[in-house]
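Topology and contacts: notes
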Amino acid sequence: MTSELSDERAGEELRAMASTAGYGEAAASLVEQYEGVSFDDVHREVLDLIPQRPLTVLDVGAGSGRDAAALAARGHAVVAAEPTPELRALGRARHADQPVQWVDDAFPDLPGLTAQERRFDLILSTAVWMHLDAEQRTAAMATLVGLLAAGGQLVLTLRHGPVPAGRRMFAVSGNETIELAQRHGLTVAHHSHRADLHGRSGVEWTQLVLRHAPLHHRQATDGDLPALVALRDHAARWQIAHGIAQWRPGELGVEHFRERLRAGEVWLATLGPHGPIAGGWELWWDDPAAWGDQPPVAGYVHRLMTDRRVAPPGTGRHLLAHAESRIAAAGRTRCRLDSLSANAGLRTYYERAGYRAVGENVKGGGPHGTYGVTLWEKDL
């Protein structure tokens, strides 16, 4: 499909407009238009894909609140993100009988929701995606991946056709959106087209349902060295932001990971075989500094790392399970690792994963001063 605004100058003017241009002034009439069709009609092709159990739901660009209210009425916990104040006020008033949480937040970054590190089982964005230019769509897709819970679904509904006067819309196809989603580690569960429910000439719609691709594990190579440093630094920054005094950005560089590739194994997990890196870990076949001289019965896991901007919840446990499988495949019967004794959260995490504390070392010097390290072991 082609856009009527195809020349370069028109494209520049379009990008200069706000993505919400024209919506505040026409809010009252738009609400009546949106409410003129039902949630069930708009989403009839994907209703069977939405679980009946209570979900956490995010509606991005919620408009009149039609979809948010319908989902709340079905027993789901719904957040409606709408950046246009007029639409937000009208939607809140129209659907006051439903427990929808309205927030002022917008693509591409959804900064309010992202800062809260919330995750949602179902994310909808209906007739919004085409308001974003290519750069914004890339950023918005990364944002959505970071907000999607493990096993969650993203439902995007794209409008195609003539651009109403005073609005900012870009020509974006379903296939282009699928390619973008796949680069961000999502896979397609549904792809359909339909005519306009209002009968407008030239207007058509595409609907997509996207899900996290399964984690794909592979051994790292020299080409992954910069990515490993970036992954570890991201994890360190996350720890600092959450008051955990353990890792620091810049502590480990390319040479550390190059040495680990030579001395043992380093593994990466990506969302699908070609998606972004969600996490990684090192596997050592001995660790005399922490465990002393030991017979070759165990593998030692170090630097279990996840990128929380990408990784679905539960990724860390998946990485640990894969490490255990790799150790068992090598004919060894125990998985060993260590953690700062002062980190109560990690203690609970490893206990729940089936590990038992078998010792403690006291270390001194370095950026942490004197500190205890708990040794953990699990029979495989």
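Given the structure is predicted, the values throughout are model-derived calculations rather than measurements.

Glancing now at the confidence of the model for the protein. Looking at the protein as a whole, its pLDDT mean stands at 91, while 93% of the residues score no less than 70. In the model, residues 1-10 has pLDDT below 50 throughout and makes nine contacts with residues more than four positions away in sequence or in other chains.

In helix packing, the relevant descriptors are the interaxial angle and the interaxial distance, both defined with respect to the helix axes. Two elements in contact, helix α2 (residues 27-35) and helix α5 (residues 85-94), have axes separated by 9 Å at closest approach and are oriented at 50 degrees. Taken as axis vectors, α2 and α5 run oblique relative to one another. Considering the relative orientation of α2 and α5, their crossing is right-handed. Of the residues in α5, those in contact with Ala27, Ala28, Val31, Glu32 and Glu35 of α2 are Glu86, Leu87, Leu90 and Arg94. In the contact of α2 with α5, the residues fall into five nonpolar, no polar and four charged.

Attention now moves to the sheet that holds strand β10 (residues 277-284). The seven strands are arranged β8-β9-β10-β11-β12-β14-β13 in an open sheet whose pairing can be described as mixed. Edge positions in the sheet fall to β8 (215-219) and β13 (356-363), since each of these pairs with one other strand and no more. Neighbouring strand axes in the sheet, compared pairwise and without regard to direction, differ in orientation by 25 degrees on average. The sheet contact formed by strand β11 (residues 298-306) and strand β12 (residues 334-340) spans three bridges and is parallel. What sits directly across from glycine 299, in β12, is cysteine 335.

What follows covers the side chain of glutamate 265. Inspection of the secondary structure puts glutamate 265 in strand β9 (residues 265-271). In this structure the side chain of glutamate 265 is engaged in a polar contact, spanning 2.9 Å, whose partner is the side chain of tryptophan 267. Here arginine 326 takes part through its side chain, which lies 2.6 Å from a polar atom of the side chain of glutamate 265. Those residues within four positions of glutamate 265 in sequence are excluded, and the remaining contacts are Gln219, Arg260, Trp281, Glu282, Leu283, Trp285 and Arg326.

On to the sheet that holds strand β2 (residues 77-81), then. As summarised here, the arrangement of the seven strands in space is β3-β2-β1-β4-β5-β7-β6, forming an open sheet in which the pairing is mixed. Because the sheet does not close on itself, it has two edges, and the strands there are β3 (101-103) and β6 (186-195). Neighbouring strand axes in the sheet, compared pairwise and without regard to direction, differ in orientation by 15 degrees on average. Relative to strand β4 (residues 120-126), strand β1 (residues 56-60) runs parallel, the two being bridged by three bridges. From the neighbouring strand, leucine 58 faces β4, where its bridge partner is isoleucine 123. Along the sheet, helix α8 (residues 174-183) makes contact with β5 (148-160), β6 and β7 (204-212), crossing β6 at roughly 165 degrees.

Okay, the nonpolar core next. Ranked by internal contacts, the top residues of the largest apolar core, which has 41 residues, are Leu58, Phe107, Ile123 and Trp129. Every element with two or more residues in this core is listed here: α2, β1, β2, β4, α7 (134-147), β5, α8 and β7. In terms of residue count, the dominant contributor to this core is α7 (five residues). Excluding anything up to four places from it in sequence, tryptophan 129 contacts Phe107, Arg137, Ala140, Met141, Leu144, Leu156, Leu158, Val172, Thr177 and Leu180. Among the nonpolar cores identified, the runner-up in size contains 18 residues, and Leu55, Ala68, Leu71 and Leu124 belong to it.

Moving on, we get to the pairing of β1. Buried residues dominate β1, accounting for four of its five residues. Relative to β2, β1 runs parallel, the two sharing five bridges. Counted as the bridge partner of aspartate 59 is alanine 80 from β2.

Tallied over the entire structure, the rule returns 21 salt bridges. Its salt-bridge partner being glutamate 251, residue arginine 232 comes within 2.9 Å of it at the nearest N-O pair. Note that arginine 232 is positioned in helix α9 (residues 225-241) and glutamate 251 in the loop between α9 and α10 (254-263), a separation of 19 residues in sequence. On the basis of relative accessibility, which here comes to 3%, the residue arginine 232 falls in the buried class. Residues aspartate 379 and arginine 356 are paired through a salt bridge, measuring 3.5 Å at the closest nitrogen-oxygen approach.

Following phenylalanine 107, the chain continues to proline 108 via a peptide bond in cis, the omega torsion being 5 degrees. By secondary structure assignment, the location of proline 108 is in the loop between β3 and α6 (111-115). Located in the positive-phi region is alanine 127, a residue other than glycine, with phi close to 60 degrees. One non-glycine residue, arginine 303, lies in positive phi territory at about 50 degrees. Looking at the secondary structure, you find arginine 303 in strand β11. Classification of arginine 303 by relative accessible area gives buried; the value is 18%.

Basis of the calculations
Going along each chain's sequence as written, the residues are numbered from 1 onward. Thresholds applied to this predicted model are a pLDDT of at least 70 for local features of residues and 80 or more for the giving and counting of side-chain atom pairs; totals over whole chains, interfaces and linings are not thresholded and use all residues. Computation of side-chain values: all heavy atoms of the structure, hydrogens and water removed. As a per-residue measure, pLDDT tells how confident the predictor is, with possible values from 0 to 100. Only heavy atoms enter the contact rule, under which two residues are in contact if any of them lie within 4.5 Å. Helix axes are fitted to C-alpha atoms over the stretch in contact, other axes to C-alpha atoms as well, and angles between N-to-C directions run from 0 to 180 degrees. We count a stretch as a helix when DSSP gives it H or I for four or more residues in a row; a strand needs E for two or more, and each element gets its number in order from the N terminus. Small angles under 35 degrees read as roughly parallel and large ones over 145 as roughly antiparallel, with 65 to 115 read as roughly perpendicular and the rest as oblique. For a crossing to be left-handed, the near helix must be turned anticlockwise from the far one by less than a right angle; the clockwise case is right-handed. In this classification, the charged set is Asp, Glu, Lys and Arg, the nonpolar set is Ala, Val, Leu, Ile, Met, Phe, Trp, Tyr, Cys and Pro, and all remaining amino acids, among them Gly, are polar. Two strands are said to pair when DSSP picks up at least two bridges between them. Pairing of N or O atoms within 3.5 Å defines a polar contact, subject to two protein rules: one partner must be a possible hydrogen donor and the other a possible acceptor, and residues neighboring in sequence count only if both atoms are side-chain atoms. Only buried Ala, Val, Leu, Ile, Met, Phe, Trp, Tyr and Cys residues count toward a nonpolar core, and they belong to the same one when joined by side-chain atoms within 4.5 Å. In this scheme, a residue with accessible area under 20% of its type's maximum is buried, one over 50% is exposed, and one in between is partly exposed, where area comes from a 1.4 Å probe on protein chains only. What makes a salt bridge here is a side-chain nitrogen of Lys or Arg within 4 Å of a carboxyl oxygen of Asp or Glu, nothing more.

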